[in-house]
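# Report on the structure
Single-letter residue listing:
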Amino acid sequence: MKVAIVGYPNVGKSSLINRLTGTREAVVHERPGITRDRKELDCEWNGRQFKLIDTGGVDFEDEDPLAGSIRDQARAGLADAQVAVLVVDARAGVRPGDEEMADLLRRSPLPTIVAANKCDGVAELPLAAEFHRLGLGEPLAVSASQGLGSGDLLDRIVELLPAGDEDSGDDTIRLAVIGRPNVGKSSLVNRFLGEERVIVSEVAGTTRDAIDMPLLVGERKLTLIDTAGMRRQSKVADSVEYYTALRSQRAAERADVALVVCDATDGVTSQDLRVAELAMKAGCATVIVLNKWDIREGSEDDLDHERAHVAEKLRLRPRVMTASAKTGRHVDRLLTEVIALGDRMAGRIPTPELNRFLAEAIQARQPPVGTRRGSSQHRLKLIYMTQIAERPPRFAIQVNSRTRVTRDYAYFLENRMRARYGMDGIPLIIDFVERGQRGRGDKRAADRGESPEGAQTPAGRR
């Protein structure tokens, strides 16, 4: 079930959505026109679960092409919803933009609620009465900043929603599309979806929110997350860009897989590598995508050069793939890779198989010889291996003495696991637990991003 929140620019739609959902997911700023794409956020009230669709401010008189795209997105949001909420500014009174939007809603079959926002005190409640003239029923006085009337608004929404089952949780793969500004992230998302779902413009920084969209690939469910471009911290120009970049980082933190989109004409830049490292530290499986490959017309040697550059700079060795959002070339291969990585992130390797792997690794390269505390030299023994978690996958190896697990040997085991189980780009973690210990100290240290006495692979640092 979906509820579209629409209205003129700067009436407080995003602030109201944050109030109703109890989050800060929608970008809020005093400057009008901050919201552009439509964004869906989960909401729950009195046992009913539904989604609120945040839309950009609709101004029918604005001739700017971007304003036209925002209007199209708002109309698409209304077409996808079961209830509409028209948000108006109670202090400003009825404006021409409100009347035009009300006229559109009166001709729509959607049940509509008028929310007169910015009634921040009891003395301002009568201001809502003026909006009777819009012909959309009894207006509700609300205050996004103070919370006044928000419960009444949610009661009215739930009352108008048709009866039906809410969406239940499943094994949907969450895919974040991240990267620098203007590398083609939104174009790639639209190509995945087969429609102009998010606004695409040659102007860098068009996308400002992290937009979640469902996608069905065969029988597999994905949630696509289009994000704002991520610049270097020193290049962030204003508070709006700062908060949109912060939401992009949070999108990576809640995703299973991240596509780091690069401009193929530039190659994989140092900023692209920083974005990839951010995704990996967030626990995402990562793929690097050279978009606009059709423009570069690169050869296989060029691609090999980019892959060698990435393998040298990034420890998790993410796969480097080419694509063209414009022509659709290799786009299906990207989705196939995403599903494979998502499955590996959530999968478990049987313990007998892991112990066979461990025996083969020891045979290929003997563990180091070192000095145990207060005793003579002897060789490290790797006794037993098992998987203890997933998303990202985490393993524990029981050893006779964790104090002598060298970084070099930990890297050897990690890289061998990547090669054996196809885990390139996946932030796997290996804990080394001394025999007779429960490993609680290791787990606490890992949660803090530390490596207890060298007893954890560097990949485990978060």
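Refer to the structure above for everything that follows.
Overview of the structure. (Residues numbered from 1 in each chain as written. Predicted model: local features only at pLDDT ≥ 70, side-chain atom pairs only at ≥ 80, totals over all residues. Heavy atoms only, no water.)

### So, the side chain of Glu337
Rules: Strands are runs of DSSP state E lasting at least two residues, helices are runs of H or I lasting at least four, and both sets are numbered from the N terminus onward. A contact between two residues is defined here by any heavy atoms of the two lying within 4.5 Å.
Counting through the fold element by element, Glu337 comes out in helix α10 (residues 331-346). Those residues in contact with Glu337 that sit more than four places away from it in its chain are Val287, Arg319 and Met321.

### Re the environment of Glu196
Short version of the rule: The cut-offs for exposure are 20% and 50% of the maximum accessible area for each residue type, with area from a 1.4 Å probe on protein chains only; residues under the lower value are buried, those over the upper are exposed, and the others partly exposed.
Secondary-structure assignment places Glu196 in the loop between α5 (185-193) and β8 (211-217). You can call Glu196 exposed: its relative accessible area is 59%. Sequence separation of Glu196 and Asp72 is 124 residues, and the distance between their C-alpha atoms is 9.8 Å. Excluding anything up to four places from it in sequence, Glu196 contacts Gln73 and Asn190.

### Looking at the packing of α5 against α10
Stated precisely, the cut-off is as follows: Axes here refer to lines fitted to C-alpha atoms; in helices the fit is confined to the stretch in contact. Angles between the N-to-C directions go from 0 to 180 degrees. Angle categories are assigned with fixed cut-offs, so that under 35 degrees is roughly parallel, over 145 is roughly antiparallel, 65 to 115 is roughly perpendicular, and the rest are oblique. Classification convention: Asp, Glu, Lys, Arg as charged; Ala, Val, Leu, Ile, Met, Phe, Trp, Tyr, Cys, Pro as nonpolar; all other residues, Gly among them, as polar.
For the pair α5 and α10, interaxial distance at closest approach is 10 Å and the crossing angle is 85°. With respect to α10, the axis of α5 lies roughly perpendicular. In contact with Leu188, Arg191 and Phe192 of α5, α10 contributes Val331, Leu334 and Leu335. A class-by-class count of the residues in the contact of α5 with α10 yields five nonpolar, no polar and one charged.

### A word on the pairing of strand β2 (residues 39-45)
Rules: Strands were regarded as paired on the criterion that DSSP finds at least two bridges between them.
In the sheet, β2 pairs with strand β3 (residues 48-54) via seven bridges, with the strands oriented antiparallel. Paired with Leu41 across the bridge in β3 is Leu52. Counting the residues between successive antiparallel strands, the hairpin from β2 to β3 contains two residues, one of them, Asn46, with a positive phi of roughly 50°.

### Here's the deal with the nonpolar core
Rules: Only buried residues count toward a nonpolar core. Its members are Ala, Val, Leu, Ile, Met, Phe, Trp, Tyr and Cys residues joined through side-chain atoms within 4.5 Å.
By size, the foremost hydrophobic cluster in this structure holds 52 residues, and its most contacted members are Phe192, Leu382, Ile397 and Met417. Sort the elements by how many residues they give to this core and α10 lands first, with seven residues. Those residues in contact with Phe192, other than ones at most four positions away along the chain, are Leu215, Leu224, Leu259, Val331, Leu334 and Leu335.

### Some thoughts on the packing of aromatic side chains
Rules: Two rings from Phe, Tyr or Trp (for Trp, the six-membered ring) form a pair when their centres sit within 6.5 Å of each other. Planes less than 30 degrees apart are called stacked, planes more than 60 degrees apart edge-to-face, and all others tilted. Here, a charge over a ring means that NZ of Lys or CZ of Arg falls within 6 Å of the ring centre while also lying within 35 degrees of the ring normal.
In this structure the tally under the stated criterion is two aromatic pairs. With 5.4 Å between their ring centres and 40° between their planes, Tyr409 and Phe412 make a pair best called tilted. Pair noted here: Tyr409 and Phe412 are both in helix α12 (residues 407-421), with a separation of three residues, about one helical turn. For the pair formed by Tyr409 and Phe412, the shared burial category is buried. Lying across the ring of Phe412, Arg365 places its NZ or CZ 5.2 Å from the centre. Over the ring of Tyr421 we find Arg420; its NZ or CZ atom is 5.9 Å from the centre of that ring.

### Let's talk about the sheet that holds strand β17 (residues 429-434)
Strand order in this open sheet of three strands is β15-β16-β17, and the pairing throughout is mixed. The sheet terminates laterally at β15 (382-389) and β17, the two strands that pair on one side only. Strand-to-strand twist in this sheet, taken as the mean axis angle between neighbours without regard to direction, amounts to 25°. Here six bridges tie strand β16 (residues 394-399) to β17, and the two strands are oriented parallel to one another. Considered in β17, the bridge of Val399 is made with Glu434. Packing against the sheet, helix α11 (residues 351-364) makes contact with β15 and β16, and its axis sits at approximately 140° to β15. Packed on one face of the sheet, α12 meets β15, β16 and β17 and runs near 130° to β17.

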